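Listed below are the residues making up each chain.
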Amino acid sequence: MTEPVIRVVLADDHQVLRDGLVALLDALPGLEVVGTAADGRDAVLTARETEPDVVVMDIQMPHLDGIEATRQVVAARPGTAVVILTMNEDDDTIMGALRAGARGYLLKGSSAAEVQQAIRAAAAGGMVFGASLAARIADFLSGRPSTPDVPFPELTEREREILDHLAAGRSNADIARLTHLSDKSVRNAVSSVYAKLHAADRADAIIKARDAGLGR
């Protein structure tokens, strides 16, 4: 009996990597790349249009980051599994991706066999993580170590810090000075906060933050 073909969408803003993954996966039996995306917003739209079994998603992409794109894909299509393939291995990003609904998390540099295994496992309803991340993720999923509840868990620690400054009424210039970040980095972080909180503007984000106890 012929195994069903696993339909895959690839989302990565680096064309060389994206094209390489397309060539790799299309050459494997039982896998078919049905769409590609160069940014997070396009990834969400492509997933809606092509109805894939699995989306392989980068984190750092224009317009919409991979964590928020993952959340939107899973919300719109609960049957689609998302596997993260990224350079990011900090705890905030990993946990943010898991909270958003990702079923796999691999680092770029993983072998072709690992990528293939993760896609097949995710399509079958399982969860797969890179060997170097498995222990950390197991601790998170089992609740060890316990951590206090924090507002807006979808935000990274840095984004939450910047939101706290916003809620305190500080300008972007003040935030850049206090956090030792460039003005551009602060602007990018603020935009990411708006997207993740579904805030219409700065005032809306401040209201949400103060309601959650930030900025005091």
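Note that the structure is predicted; figures quoted are calculated from it, not measured. By convention here, each chain's residues receive numbers from 1 onward along its written sequence. The predicted origin of the model limits local features to residues at a pLDDT of at least 70 and limits the giving and counting of side-chain atom pairs to 80 or more, whereas totals for whole chains, interfaces and linings rest on all residues. The side-chain values count all of the structure's non-hydrogen atoms but skip hydrogen atoms and water molecules.

**Considering the environment of Pro153**
Part 1 of the reasoning: Relative to the assigned elements, Pro153 resides in the loop between helix 6 (134-142) and helix 7 (157-167).
Part 2 of the reasoning: As a C-alpha pair, Pro153 and Met87 span 66 residues in sequence and 21 Å in three-dimensional space.
Part 3 of the reasoning: When checking whether two residues touch, look at their non-hydrogen atoms; a contact exists if any pair is within 4.5 Å. Those residues in contact with Pro153, other than ones at most four positions away along the chain, are Arg99 and Arg160. Per the convention used, a helix needs a DSSP run of H or I reaching at least four residues, while a strand needs a run of E reaching at least two, with both numbered from the N terminus.

**With respect to the pairing of strand 5 (residues 104-107)**
Part 1 of the reasoning: A simple rule labels every residue: compare its accessible area, found with a 1.4 Å probe on the protein chains alone, to the largest value its type can have, and call it buried under 20%, exposed over 50%, or partly exposed in between. The side-chain alternation of strand 5 yields two buried faces, one formed by Gly104 and Leu106 and the other by Tyr105 and Leu107.
Part 2 of the reasoning: Here the rule is simple: two strands pair whenever DSSP picks up at least two bridges between them. By the bridge criterion, 4 bridges tie strand 4 (residues 81-86) to strand 5 in an arrangement that is parallel. Residue Thr86 lies in a different strand from strand 5, and its bridge partner there is Leu107.
Part 3 of the reasoning: Handedness is read with the strands pointing away from the viewer; a crossover is right-handed when the path from the first strand over the helix to the second is clockwise. Remark: the strand 4/helix 4 (residues 91-100)/strand 5 crossover connection has right-handed handedness.

**Thoughts on helix 5 (residues 112-123)**
Part 1 of the reasoning: Under the convention used throughout, the expected extent of a helix is 1.5 Å for every residue step, that is, one less than its residue count. Here helix 5 is 12 residues long and its end C-alpha atoms lie 17 Å apart, about the 16 Å a rise of 1.5 Å per residue gives.
Part 2 of the reasoning: For helix 5, the full list of buried residues reads Val115, Ala118, Ile119 and Ala122. Buried residues along helix 5 cover an arc of 95° about the axis, so they all sit on one side. Exposed side chains of helix 5 directed beyond 90 degrees from the buried face belong to Ala113 and Gln117. Of all possible arcs, the one meant is that of the directions from the helix axis to the C-beta atoms.

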